[in-house]
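Structural features, examined
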Amino acid sequence: MILELNGICKEYNQGKITVPALQNVNFSMEEGEYVAVMGPSGSGKTTLMNLIGCLDKPTRGEFFLDGQDISKCTENEMSDIRLKKIGFVFQSFHLLPRQTALQNVEMPLNYAKIPRRERRERAFRALERVGLAERVDFRPNQLSGGQMQRVAIARAMVNNPKLLLADEPTGALDTKSGHQVMELFQKLNEEGVSVLMITHDPEIASFAKRTVTIRDGRLSEKEVSRV
Ligand SMILES: Nc1ncnc2c1ncn2[C@@H]1O[C@H](COP(=O)(O)OP(=O)(O)OP(=O)(O)O)[C@@H](O)[C@H]1O
Ligand SMILES: [Mg+2]
């Protein structure tokens, strides 16, 4: 089991208002699964992703990632888990604008204290895998949206994480670039990476093997067949 959430609740306190963003969520994912998360705006999808990504802690409930009890982890241990086990992909790419594609992909390896030469090599190979060997020295503003997202995917995967988390990865892309991103996710999943992807688009969700839906902070399972 790569993920196991039992009775997870997340409340945000904003002044006098308490927002129950997640209510008693039970969810698990086997290693190597590919799951889509759907649900209306404000339903709690990003909140769920932030908890699973060890960026935030639940108010209540148990959460195990790769067998480790995250509720018992310190901030430092959580950032270590993020670095080693999780790759993140966002709708708006989150690339550093002044850095080249290669430097962006190298970034997680800097944190992992990998020697410079090995960093270069691994970042280059990651960019090669996403079809961008010819763009390594380009900066984000010299790349198309689809290319920027592929750089972000190379960066997410350069540490060989077990779990890929994606929040609307195709949300800012045209259909063709979106499908290229889905092909990459499929390839990574076939190589054994567990994928959890938020999307509003049923067609994009159909690339996953299982879909769950969140409404008002409550999660329900829905089995769907693959296209
Ligand atoms: N940091 C925060 N402080 C207070 N409330 C928050 C915070 N983050 C999210 N919320 C609230 O929690 C609820 C769930 O938000 P969340 O971002 O998880 O929704 P979402 O499903 O990702 O929506 P969208 O599809 O629009 O991205 C919303 O009502 C939101 O206002
Ligand atoms: Mg969101």
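Everything below is about the structure shown above.
Structure report, in brief.

A short note on the overall build of the protein chain
Scanning the protein chain from N- to C-terminus turns up seven helices and 10 strands. Taking 227 residues into account, the globule formula puts the C-alpha radius of gyration at 17 Å, and the protein chain, at 17 Å, falls close to it. Overall size of the protein chain, expressed as C-alpha extent along the three principal axes, is 50 × 40 × 35 Å. Burial status across the protein chain gives 49% buried among its 227 residues. By sequence separation, contacts in the protein chain at least 24 residues apart represent 69% of the contacts at least 6 residues apart. Carbon together with sulfur atoms contributes 48% to the accessible area of the protein chain, which is approximately 11,300 Å² in total.

Notes on the sheet that holds strand β8 (residues 194-198)
Here we have six strands laid out as an open sheet, ordered β6-β7-β8-β3-β9-β10, and mixed in their pairing. Looking at which strands have only one partner, the edges of the open sheet turn out to be β6 (86-90) and β10 (218-222). Across this sheet, the average inter-strand angle for adjacent strands is 20 degrees, counted without regard to direction. The pairing of β6 with strand β7 (residues 163-167) spans five bridges and is parallel. Paired with V89 across the two strands is A166, which belongs to β7. This element, helix α2 (residues 75-85), spans β6 and β7 of the sheet and lies at about 80 degrees to β6. Of the strands in this sheet, β6 and β7 touch helix α5 (residues 145-157), which is tilted by about 165 degrees from β6.

Cut-off values and rules
Residue positions are given per chain, counting from 1 as you read along its sequence in written order. Lettering for chains starts from A, numbering for ligands starts from 1, and both go in the order in which the items are written. For this predicted model, a pLDDT threshold of at least 70 governs which residues receive local features, and a threshold of 80 or more governs which side-chain atom pairs are given and counted, while totals over whole chains, interfaces and linings are taken from all residues. Side-chain numbers come from the whole structure's heavy atoms, not from hydrogens or water. Elements are defined by DSSP. Helices are runs of H or I of four residues or more, strands are runs of E of two residues or more, and each kind is numbered from the N terminus. Atoms counted for the radius of gyration: C-alpha only. Globule rule: 2.2 Å times residue count to the power 0.38. Under the scheme applied here, a residue whose accessible area is under 20% of the maximum for its type counts as buried, over 50% as exposed, and between as partly exposed, the area being computed with a 1.4 Å probe on protein chains only. Whether two residues are in contact is decided by their heavy atoms: any pair within 4.5 Å suffices. Reported accessibility uses the Shrake-Rupley method at a 1.4 Å probe radius. Residues are deemed covered only where the shown protein chains occlude them. Between any two strands, at least two bridges found by DSSP are needed for them to pair. For every element, the axis is a line fit to its C-alpha atoms; helices are fit only across the contacting stretch, and the angle between N-to-C directions ranges from 0 to 180 degrees.

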